[in-house]
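Topology and contacts: notes
One letter stands for each residue in the lines below.
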Amino acid sequence: MADYLNSYLFIGAILFTLGAFGVLVRRNIIVVLLSVELMLQGVNLSLGAFSTFYHDMGGYMLVLLSLAIAAAEAVVGLAILVALSRHVDEFYVDRLKSLRW
Amino acid sequence: MSDLACTWLGLMATIFGLGTVLLRSPVHSALSLVMVVFHVAGLFVLMGAGFLAALQVIVYAGAIIVLFLFTMMLLNLEQHDNEPHMHRYQKWLGFPLGGALLIEATWIALAQANPSETLLGKYSPERLSELGGTAFGIADAMFTSYLLPFEVAGVLLLAASVAALSLARKPDEDIMKAMPDMVSDAAGSMTQPSVQESKLNQSPTERGDNH
Amino acid sequence: MVDGWDIVILAIKGLVVLALLALAPMIFVLAERKILGRIQARVGPNRVGPRGYLQTFADAMKLGAKEDLIPPGGDKLIFWLAPLFMAVPAATSLSVLPIGPEVEIGRTIGLWVTDLNVGVLLILAMGSLAAYGPVMSGWSSNSKYAHFGALRSSAQVISYEISLGLAVLAVLMYAGSFSLVDIVNSQKQMWHIVPQILGFFIFAASAVAETNRPPFDLPEAETEIVAGYHVEYSGMRWAMFFLAEYANMFVASMLVTILYLGGWNGWTIPGLEGIMGVMWTLLKAFFFIFVYFWLRAVLPRLRYDQLMGFCWKILLPAGVLNLFLVAILRTIWS
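Analysis parameters
In this numbering scheme, every chain counts its residues from 1 along its sequence in written order. Both sets of labels track the order of writing: A upward for chains, 1 upward for ligands. The model is predicted, so local features are restricted to residues of pLDDT at least 70 and side-chain atom pairs to those at 80 or more, both for listing and for counting; the totals for chains, interfaces and linings are taken over all residues. The side-chain quantities take in all heavy atoms of the structure and omit both hydrogens and water. A pocket, in this scheme, is an open set of points on a 1 Å grid over the protein atoms alone with protein on both sides within 12 Å along at least 5 of 7 lines, while a cavity is a set where a 1.4 Å probe fits but cannot get out; residues line either one if an atom lies within 4 Å of a point. Grid points are joined across faces, edges and corners, and a volume is the space filled by probe spheres set on the points. Runs of H or I in DSSP of at least four residues are treated as helices and runs of E of at least two as strands, each being numbered from the N terminus. As a per-residue quantity, pLDDT reports the predictor's confidence and falls between 0 and 100. Contacts are residue-level and defined by heavy atoms, with any inter-residue pair within 4.5 Å sufficient. The rule for a salt bridge is simple: a side-chain nitrogen of Lys or Arg has to be within 4 Å of a carboxyl oxygen of Asp or Glu. Each residue is placed in one exposure class: buried if its accessible area under a 1.4 Å probe, protein chains only, is under 20% of its type's maximum, exposed if it is over 50%, and partly exposed if it falls in between. Throughout this description, a polar contact denotes any pair of N or O atoms lying within 3.5 Å of each other; where both atoms belong to protein, one of them has to be capable of donating a hydrogen while the other can accept it, and for residues adjacent in sequence the pair is counted only when both atoms sit in side chains. When two parts are brought into contact, each loses some accessible area as probed by a 1.4 Å sphere; the total of that loss over both is the buried area. Side-chain atoms within 4.5 Å link the members of a nonpolar core, which is a set of buried Ala, Val, Leu, Ile, Met, Phe, Trp, Tyr and Cys residues. Lines are fitted to the C-alpha atoms to define the axes, a helix being fitted only along its stretch in contact, and any angle between axes, read from their N-to-C directions, falls within 0 to 180 degrees. Working rule for angles: under 35 degrees goes down as roughly parallel, over 145 as roughly antiparallel, 65 to 115 as roughly perpendicular, anything else as oblique. Amino acid classes used here: Ala, Val, Leu, Ile, Met, Phe, Trp, Tyr, Cys and Pro are nonpolar; Asp, Glu, Lys and Arg are charged; the rest, including Gly, are polar.

A closer look at empty space enclosed by the protein
All names here are of chain C. One pass over the full model with this rule turns up two cavities of 30 Å³ or more. Empty space within the largest cavity amounts to approximately 360 Å³. Contributing to the lining of the largest cavity are 26 residues, with G127, A130, E210, T211 and N248 lying nearest its centre. Elements represented by at least two residues in the lining of the largest cavity include exactly α3 (76-94), α4 (119-129), α6 (144-175), α8 (197-210) and α10 (235-259).

Remarks on the confidence of the model for chain A
Looking at chain A as a whole, its pLDDT mean stands at 84, while 95% of the residues score no less than 70. Of all the helices and strands in chain A, helix α1 (residues 5-25) of chain A carries the lowest mean pLDDT, 86, while helix α2 (residues 29-54) of chain A carries the highest, 89.

As for the environment of K34(C)
Residues and elements named next belong to chain C. Tracing the backbone through its elements, the reader meets K34 in helix α1 (residues 4-39). Between the C-alpha atoms of K34 and M61, which are 27 residues apart in sequence, the distance is 20 Å. Filtering out sequence-adjacent residues up to four positions away, K34 remains in contact with P45, R51 and Y53.

Some remarks on the pattern of salt bridges
A side chain of one charge can pair with a side chain of the opposite charge if their charged atoms are brought near each other. Residues and elements named next belong to chain C. In the structure shown here, the tally under the stated rule is three salt bridges over all chains. Notably, a salt bridge pairs R296 with E32, separated by 2.7 Å at the nearest N-O pair. Here R296 is found in helix α11 (residues 273-298), whereas its partner E32 is found in helix α1, with 264 residues between them in sequence. A relative accessible area of 34% places R296 in the partly exposed class. In this structure, D59 and R33 form a salt bridge, with 3.2 Å as the shortest nitrogen-oxygen distance. Of the two residues, D59 is situated in helix α2 (residues 55-65) and R33 in helix α1; the sequence distance between them amounts to 26 residues. Look at R33 and you get partly exposed, because its relative accessible area is 35%.

A closer look at the environment of R42(C)
Residues and elements named next belong to chain C. Locating R42 in the fold gives a position in the loop between α1 and α2. A relative accessible area of 44% places R42 in the partly exposed class. R42 sits 63 residues away from I105 along the chain, and the two C-alpha atoms are 46 Å apart. Apart from residues no more than four positions distant in its own chain, R42 is found in contact with L36 and G37. Engagement of the side chain of R42 in a polar contact is seen with the side chain of Q40, the distance being 2.8 Å.

Regarding the interface of chain B and chain C
With 27 residues of chain B at the contact, the number on the chain C side is 24 residues. In total, about 2000 Å² of surface goes out of reach between chain B and chain C, with carbon and sulfur atoms giving 83% of it. On the surface where chain B and chain C come into contact, there are zero salt bridges. On the surface where chain B and chain C come into contact, there are two residue pairs in polar contact (both at pLDDT 80 or more). Those elements that place two or more of their residues in the side of chain B that touches chain C are α2 (26-47), α3 (50-75) and α6 (134-142) of chain B.

Considerations on the nonpolar core
Membership of the largest hydrophobic core comes to 159 residues, with the highest contact counts inside it found for F68(B), I138(B), L97(C), Y132(C), L180(C), F203(C) and L259(C). Apart from the residues within four sequence positions on either side, F68(B) is in contact with I30(A), L33(A), L34(A), E37(A), A74(A) and L78(A).

A short note on the packing of α1(A) against helix α1 (residues 2-22) of chain B
Contact pair α1(A) / α1(B): the axes reach a minimum separation of 9 Å and the direction vectors enclose 5°. Taken together, the axis directions place α1(A) and α1(B) in an arrangement best described as roughly parallel. Contacts between α1(A) and α1(B) involve S7(A), Y8(A), I11(A), I14(A), L15(A), L18(A), F21(A) and G22(A) from the first element and C6(B), G10(B), A13(B), T14(B), G17(B), L18(B) and V21(B) from the second. Partitioning the contact of α1(A) with α1(B) into residue classes produces ten nonpolar, five polar and no charged.

Describing the interface of chain B and chain A
Taken together, the contact between chain B and chain A spans 88 residues of the former and 73 residues of the latter. Buried surface at the junction of chain B and chain A, summed over both partners, amounts to about 7200 Å²; 76% is from carbon and sulfur atoms. For the chain B face of the interface with chain A, the top three residues by lost area are V21(B), M47(B) and F68(B), together amounting to 10%. Summed over the shared surface of chain B and chain A, the result is three residue pairs in polar contact (both at pLDDT 80 or more). When residues of the side of chain B that touches chain A are traced back to their parent elements, those giving at least two are α1, α2, α3, α4 (88-111), α5 (125-131), α6 and α7 (147-168) of chain B. By residue number, the principal contributor to the side of chain B that touches chain A is α1(B), which donates twelve residues.

Now the structure itself:
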């Protein structure tokens, strides 16, 4: 099992789906951000597996880039969260309706 | 042995992934995501990419999720631990869409056979161990065919840090109030530096009287 | 290839690491109290056993007999897990540190548990996990002081992790390997401290900050926030925090020795390379631990803004400068 591309892709697919489900269903903004990270985990796993089994470095490079992008995304997301806490003390995505205040 | 490890790591990653999505407390969610990161790192080790596993733990577990926890503690998010129940739309759309995505992704994942010999790239495990490990293979690729994406990622990180600074900065009322005066001072006649300094120390109303 | 003896040897190495994890803090605590006493013109502990040498054992027994309190209103599960998150990374880092060269005892045995080709990265990863113990304990304690300590600690560890990483990056560039054994072997001619004296100081300062020791002990500043993140812990759980702190100190000292001070390289007697190597490594590491105690005795605690300013305004630019200098030196000398 550990020698087949399928098994890694399967685990990656499950993680990605769980993350997507979390983004769709949860309303706490921080859990939504965490779910996005979970999706990225699934994607990373698939990319790494493709790279290993195709004997190519492209997947590993993409994992590195996705790490950088995940860091950037988390930083900006959390900064928005801090700004939100300054202006409206509200952390549920469906209650944030106004574009500016 | 490695089959067992693969099954175990996958199973635990799934369980903790479920925990991330379903646990009510955001702090529990974050800690559960840390466990997912560990298990994905374990799967990377199983593939023979120890370098990526270490990077994964350093960046995700060591930086990103700590930052999440830090923000949660800073804003005291636990006070808001009364997440309302799901919307009608979320219930009717979220579950079918999630299920459809799972079926689709699983179907594609399971249809993917191991690649045939003709499709393999040049970084075989033998060549990688010749180079000295995955890290050297990645370096080899990074500074040849992937140089541009690598540098763009650097610029992206810089942009993100600047954006975070300007978003999270506390709006400084004193600076905002002093701004018109300072602008007019700079544009107007040359004033002595000492005068300008003393002006800055005055309160806004006093400064208004000076004009 | 793998026969019975290999497993026995591996088991012995594992036991040695566990023994180090448990015993080293005991010795260090006694040494710290004695040395602090001397520096401050006091006697130090001198009641239990001959000249006070059994003081730590008495303390350990006292801690074991104490009641294990769990604060009301806190998060029990996380409160239980937090000490583990402190101790396990420290033990894991100990297992990749080489303490001596390869020796011949019937077969070739390296004096390390494992020589990973990503050894340095593993230690950095474990070091970054050190932020979780304080955060989890501070959050689950349901206490203001613990909360403040955890906030300070996470900010401090994230910040100093960066300058630490920059200093280590220069060493990796110079040695051309992630493996700690290869790094030590690359210092046969010249220790890395010679071309990278700046990096050495950056690394040393960041390591002291990473282990939350004075003068960077803001997270547990006794005079401001009682004891910081572990204020609600008692008995054996508190002992685990204590153990982890001293184990982290030991890891940091060994890391300085391996990365900058040449590891086991030094003057040796032919035929006794193994013993001399272990002696050199431990001697250098113990000297750095003495520096830790020394700093605690002579320096006052920094203010919080000074702490953050020191990291972001001094150590980080200096780290980038060091990286440039080392890159230039490496190009010239090779």
